[in-house]
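# Inside the fold
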Amino acid sequence: MNALLASAPLLLRRRGALADVLPVIAFAAATAITGTVLGGAAAFVGRLPADGEVAFEGEASLIPFLVSCAMVASVLLIPSAVGLGGSAARLSLARREQDLASIRLVGGTAGQVGAVAVLDVAAQALLGGLLGVVLHLVVTPPLTALDFGIAPFTTADLLMPWWAYPLLVIGMVLLAAGSAAVSLTGVVLSPLGVARDSRTVRMSVVRLVIWAVLILGFLVFMQVGGAIFGGVADGMLFLGIMIVFIGAVVAGVNVVGPFLVWGVALLAARTAPTPALMVGARRLAADPKSGWRAVSGITFALVIAGFLTTLATIVPADGARAVEDRMMATAMSTGGLLTLGIAAVLAAVSTGVTQTARVIDQAPVLRAQHIAGAEVGQLHRARIAEITLPVLLSSVLATFTALLVVLSVLGSGAADPSAAVRYLVSVAGAYALVILAVLVASPLVRRYAMRTA
Amino acid sequence: MNFAPPASHPSVVPSAPAHPTPVLSARGLVRTYGSDQTATRALDGVDLDIARADSLAVMGPSGCGKTTLLHVLAGILAPTSGTVRLDGEALAELGDRRRTLLRRSEFGFVFQDGQLLPELTAVENVILPRMLGGTSRRAATAEATAWLDRLGLAGMHHRRPTQLSGGQAQRVAVARALAGRPSVVFADEPTGALDQETGQSVLATLVDACAETGASLVMVTHDAKVAAACRRTVAMRDGRIAREYVRPEGAQGTGDAR
């Protein structure tokens, strides 16, 4: 075993700068975003009164609510960041599959190969994690300029305690190693090559039914729940059930999303009038979960941002608590947009990494297509079609869900044209970033398509 | 070199083309890789004419320059010197875009491992180049369906390449190459990844279909039995055409290269 591990660096060929760098970039981004989000949440927690005293006016009266908002944002973003780390591990492993098969050929057992693969991924995660901490330290000072309506945060407020950073890096390494180990169970690395399950993907309509039932239940509850539960515990039971319903409806977006991506992609592939749409839709239909994963984080962020920006516009500007209300409006507006911004960056990094990896995998096919007469522009358009479908579905789902929650909870009086315009601009900006991320791999597409030997 | 025919062979060894005018003509082709001391001459003064509806096998050991010759003839690689003309038009004088469009409209390609898009169904793989050329999906699908049926793939139109056998997938590649009614079909070891029986069946399909549509066939192979399916065979060595053998009309692929 030791001999094999010692010789592993020789056997694991470097795949070229980009293929090796991509997983490290993804690990770095995941670490930096996790650190920044946790640091931000901790900064809000740090403003809570130390003695547990409850304040009824001024900034202190808002802090408990803002801490809750920060926790919600963290719960929203951390899984996406962790998911990016997992994707990076799978990507790193995919780059190595042929090398690992070669190690089997020269005598490595399945266990030894697994150990080499996991260690290789863990080493990249360690490097990415360290770079991510540096990146987090670099981006934190500019974040102090954000206006949350309350006293500004200092850089020291937004940084985590020193001991949290080694834990963050170790966590990323363990996550990467675990993801690699799990991914290895779905791949057969034989001495003759790599075998992967390639069954046709089918998504169950049960996903759609679950979400429809949740929405129906929510709408019925909002109509009759007040009369039934309004009097219990000063309405707190009604409020509790409503929050659970909202959480379930928003979480349900992740259940119905892959089904809708699959269904729409199948329909588009069968009827596509252009070759780019046909190819893009087919690729998406073959792996709808991956297509949805690229935009799921941004969908959640858009729902929350939609809710918070609408809420911010209906906070009364006068009255006894006018100062606090203005603070609250600013905090919710900034928090919503910040959450959306981080989700968009996460989605863009994830899309850029995934798309670049896919282009590397497809190099021989890209070249064959170009030889057979496909122009490079047509190859680009197929890739853009592949991400545009989930983006469109995500924006429709996010807008629908945000409207459903806002109108059910706040009523039609919440309809504010300026908030709607700001929201739509945010939607367009976030998705433009994701689509731009696809273009990162464009030079590679041209290079592979036109490679002559 | 033995050109004995395989047991199962194309039903017809193509007869001499009715139009001896070359559709593709190469003169003085030289292609060098690298420079200075590391330079390798993959092609070293190749002259070749390919008549309309003719079939040509390019044989030779690994590294003799046969795949480079195919790439230069198809306008994928530019020769270091020399010219390739398609119907009198010099490929080297065309820009990359024009050459790409030319490959799409005038040439068909069959690769060793098919190079089908794994996510697309069989029929979609066939219609893709036609749609890229501006043909409507409906018209392209009608053509593709006819081709797939003709090549024995009826009922498999909506299967993905992973749901087809190697031979079936290669038939899809043949249908893709021929659906656009190209002037020339280039095949690079089209049976190299198949077992002997399946390979011969696919080969018969390819040669017969080219003969029926009037497309010229240029096929690179290292297998003499595969080469015997073509009317002409050139054997390459060190970047040059060392020998040429023209099979007599109706000879059913027998004979030796001399």
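The structure presented is a predicted model; accordingly, all values stated were derived computationally and were not measured. (Residues numbered from 1 in each chain as written. Chains lettered and ligands numbered in written order. Predicted model: local features only at pLDDT ≥ 70, side-chain atom pairs only at ≥ 80, totals over all residues.)

Here the focus is the overall build of chain A. Within chain A, the secondary structure is distributed over 15 helices and two strands. Taking all 453 residues of chain A together, the buried fraction comes to 44%. Counted over contacts in chain A with a minimum sequence separation of 6, partners at least 24 positions apart contribute 86%. (Helix = DSSP H or I, 4+ residues; strand = E, 2+ residues; numbered from the N terminus. Buried ≥ 20, exposed ≤ 12 C-beta atoms within 10 Å, placed from the backbone. Contact = placed C-beta atoms within 7 Å.)

Our focus in this paragraph is the nonpolar core. Within the largest apolar cluster, 214 residues are counted, with the highest numbers of intra-cluster contacts made by Ala 176 of chain A together with Val 58 of chain B. A per-element tally of this core places helix 11 (residues 322–361) of chain A first, with 18 residues. Counting contributing residues, this core receives three or more from each of domain 1 (1–198) and domain 2 (206–453) of chain A. Residues contacting Ala 176 of chain A, with those up to four places away along its chain left out, are Phe 27, Gly 85, Ala 88, Ala 89, Val 121, Ala 122 and Ala 125 of chain A. (Core = buried A, V, L, I, M, F, W, Y, C linked by C-beta atoms within 7 Å. Domains from an automatic or database assignment.)

This part takes up the pairing of strand 6 (residues 107–110) of chain B. Residue and element names in this part refer to chain B. The side-chain alternation of strand 6 yields two buried faces, one formed by Phe 107 and Phe 109 and the other by Gly 108 and Val 110. Relative to strand 7 (residues 184–188), strand 6 runs parallel, the two being bridged by four bridges. When the bridges of strand 7 are listed, Phe 109 appears paired with Phe 186. (Pairing = 2+ DSSP bridges.)

To continue, consider helix 8 (residues 236–271) of chain A. Working note: α-helix, 3.6 residues per turn, so residues spaced by three or four point in the same direction. Its 36 residues place the ends of helix 8 of chain A 51 Å apart at the C-alpha level, agreeing with the 52 Å of an ideal helix rising 1.5 Å per residue. If you look at helix 8 of chain A, its biggest bend is around 35 degrees, right at Val 256 of chain A, and the proline Pro 258 of chain A turns up within four residues after that. (Expected span 1.5 Å × (residues − 1). Bend = angle between axes of the 7 residues up to and from the residue.)

With 20 residues of chain A in contact, the opposing surface of chain B contributes 22 residues. In terms of residue class, the side of chain A that touches chain B is made up of 11 nonpolar, six polar and three charged. (Nonpolar A, V, L, I, M, F, W, Y, C, P; charged D, E, K, R; others polar.)

What follows deals with the packing of helix 5 (residues 166–179) of chain B against helix 6 (residues 196–213) of chain B. Residue and element names in this part refer to chain B. The N-to-C vectors of helix 5 and helix 6 enclose an angle of 15 degrees; their axes lie 10 Å apart at closest approach. When the axis of helix 5 is compared with that of helix 6, the two are roughly parallel. Helix 5 and helix 6 meet at a crossing whose hand is right-handed. Of the residues in helix 6, those touching helix 5 at Gly 166, Gly 167, Gln 170, Arg 171, Val 174 and Leu 178 are Thr 198, Ser 201, Val 202, Thr 205, Leu 206, Ala 209 and Thr 213. When the residues that make up the contact of helix 5 with helix 6 are grouped by side-chain class, the tally is five nonpolar, seven polar and one charged. (Axes fitted to C-alpha atoms, helices over the stretch in contact; angles between N-to-C directions. Parallel < 35°, antiparallel > 145°, perpendicular 65-115°, else oblique. Left-handed = near helix turned anticlockwise from the far one by under 90°.)

Another point: the domain arrangement of chain A. Residue and element names in this part refer to chain A. Domain boundaries in chain A define domain 1 (1–198) and domain 2 (206–453). Facing 30 residues of domain 1, the contacting portion of domain 2 comprises 26 residues. Breaking the side of domain 1 that touches domain 2 down by element, the ones donating at least two residues are helix 2 (17–46) and helix 3 (59–105). At 16 residues, the largest contribution of residues to the side of domain 1 that touches domain 2 is made by helix 3.

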